[in-house]
Amino acid sequence: MALTFYYGSGSPFAWRVWLALEYKGLAYEQKIVSFSAGDLRTQEFIAINPRRKVPAIVDDGFALYESQAIVEYLDERFPQAPRLFAGDVRRRALIRRMVQEADQYFVVAMDPLLDHILFGPKEKWDESVIADARARFGKEVARWEAIISGDWLAGAEPTAADFTLYPHIALALRMEKKKADLDIRGLIGPRISAWMQRVEALPILGKTVPPHWKA
Ligand SMILES: N[C@@H](CCC(=O)N[C@@H](CS)C(=O)NCC(=O)O)C(=O)O
């Protein structure tokens, strides 16, 4: 197999690449790495990504990391398959803008909550810190509620923008598994909810849900 995809279950960045591979219908071999078993610290993996993170790909000997660079590469390398950056120059610019907004603003607004709830021990949870982080995240979610105007984030079909934001929102909701009263769902307005349902109705979505989330 010419294209190898290094994936870690639960990583929203790796999920984006998985969605891109599936949406484009590409042939690939998926290698699932374990964060805890030290798979990212092997010499073999460090040669592919010296930053020791997933996702990464190797395409006919060409190694690439950084999820968004990978998504753009796949779209340009396989232009005959459905496009992740479709449309004219302005639509493609909007897609790129939303990808940047998701990574630079949505993720940054979500990170304090993730660090506290998902990666921090319960004994150290501080309700006032959590409430403050939730309120800040809520403001960013509200911004997206205003951005969404059609069925998909940028036009009539899914694009890289949808496949970037969805894994991040899904991860945010995942925090409710650990802290039910966090009520992330309560931050999500009707437009984002309807958009999420559209994403979840795509056959590729079910196929790419992080394996350990299904357990
Ligand atoms: N900017 C990178 C972020 C990748 C990233 O942070 N990956 C995390 C998983 S979400 C990772 O592999 N962390 C290594 C570790 O936890 O040891 C990208 O877009 O690919």
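Just above sits the structure.
Since the structure is predicted, the reported quantities are computational estimates derived from the model, not experimental observations. (Residues numbered from 1 in each chain as written. Predicted model: local features only at pLDDT ≥ 70, side-chain atom pairs only at ≥ 80, totals over all residues. Heavy atoms only, no water.)

Draft legend 1. Structural view of the pattern of salt bridges. Counted by the stated rule, this structure contains 14 salt bridges. In this structure, Glu22 and Lys207 form a salt bridge, with 3.2 Å as the shortest nitrogen-oxygen distance. Of the two residues, Glu22 sits in helix H1 (residues 12-24) while Lys207 sits in helix H8 (residues 203-208), which places them 185 residues apart along the sequence. Using a relative accessible area of 15% as the deciding quantity, one classes Glu22 as buried. Through salt bridges that share partners, Lys24, Asp75 and Arg83 make up one connected network. (Salt bridge = Lys/Arg side-chain N within 4 Å of Asp/Glu carboxyl O. Helix = DSSP H or I, 4+ residues; strand = E, 2+ residues; numbered from the N terminus. Buried < 20%, exposed > 50% of the residue type's maximum accessible area, 1.4 Å probe, protein only.)

Draft legend 2. Region of the structure containing the environment of Ala69. Take Ala69: it is sitting in helix H3 (residues 67-77). For Ala69, a relative accessible area of 35% translates into the label partly exposed. For the pair Ala69 and Val17, spaced 52 residues apart in the sequence, the C-alpha separation amounts to 9.7 Å.

Draft legend 3. View of the site of the ligand. As a structural note, the neighbourhood of the ligand is formed by Ser11, Pro12, Phe13, Phe35, Leu40, Arg52, Lys53, Val54, Pro55, Glu66 and Ser67. With respect to the ligand, the backbone of Val54 contributes an N or O atom lying 2.8 Å from a nitrogen atom. Taking Ser67, its side chain carries an N or O atom lying 2.6 Å from an oxygen atom of the ligand. In the complex, the protein chains occlude 68% of the 510 Å² of accessible area that the ligand would expose alone. Classifying every residue of the shell around the ligand by side-chain character gives six nonpolar, two polar and three charged. (Near = heavy atom within 4 Å. Polar contact = N/O pair within 3.5 Å; in protein donor to acceptor, adjacent residues only side chain to side chain. Areas by Shrake-Rupley, 256 points an atom, 1.4 Å probe, with all protein chains shown as cover. Nonpolar A, V, L, I, M, F, W, Y, C, P; charged D, E, K, R; others polar.)

Draft legend 4. Molecular detail of the environment of Trp18. In this fold, Trp18 is placed in helix H1. As for Trp18 and Tyr6, which are separated by twelve residues in sequence, their C-alpha atoms are 9.6 Å apart. Excluding residues within four positions of it along the chain, Trp18 makes contact with Phe5, Tyr7, Tyr28, Gln30, Lys207, Thr208, Val209 and Pro211. (Contact = heavy atoms within 4.5 Å.)

Draft legend 5. Geometry of helix H7 (residues 190-201). In this model, H7 (twelve residues) spans 17 Å end to end at C-alpha, consistent with the 16 Å of a helix rising 1.5 Å per residue. Among the residues making up H7, those that are buried are Ile192, Trp195, Met196 and Val199. Along the axis of H7, the buried residues cluster in a sector spanning 105 degrees; they form a single face. Facing away from the buried surface of H7 by more than 90 degrees, the exposed residues are Pro190, Gln197 and Ala201. Of the surrounding secondary structure, the elements contacted by the buried residues of H7 are helix H5 (127-147), helix H6 (160-178) and H8. (Expected span 1.5 Å × (residues − 1). Arc of directions from axis to C-beta.)

Draft legend 6. The packing of aromatic side chains, seen in detail. In the structure shown here, the tally under the stated rule is ten aromatic pairs. Pairing Phe5 with Tyr28 gives two aromatic rings, centres 6.1 Å apart and planes at 75 degrees, and the pair type is edge-to-face. Taken together, the residues Phe5 in strand S1 (residues 3-8) and Tyr28 in the loop between H1 and strand S2 (29-33) connect sequence positions 23 residues apart. Here Tyr28 falls in the buried class, since its relative accessible area comes to 15%. Their ring planes at 90 degrees and their centres at 5.5 Å tell us that Trp15 and Trp213 sit as a pair that is edge-to-face. With Trp15 in helix H1 and Trp213 in helix H9 (residues 211-214), the pair connects residues that are 198 residues apart, well separated along the chain. The same class applies to Trp15 as to Trp213, namely buried. Counting every residue linked through ring pairs, the aromatic cluster contains Phe5, Tyr7, Trp18 and Tyr28. (Phe/Tyr/Trp six-rings, centres within 6.5 Å; stacked < 30°, edge-to-face > 60°.)

Draft legend 7. Molecular detail of the side chain of Ser11. With respect to the helices, strands and loops of the structure, Ser11 is situated in the loop between S1 and H1. Ser11 sits in the buried class, given a relative accessible area of 10%.

Draft legend 8. Spatial organisation of H3. Of all the positions in H3, only Ser67, Gln68, Ile70, Val71, Leu74 and Asp75 are classed as buried. When H3 is viewed along its axis, its buried side chains cluster within an angular range of 160 degrees and face the same direction. Structurally, H3 contributes buried residues whose contacts are with S1, H1, strand S3 (56-59), strand S4 (62-65), helix H4 (89-118) and H6.

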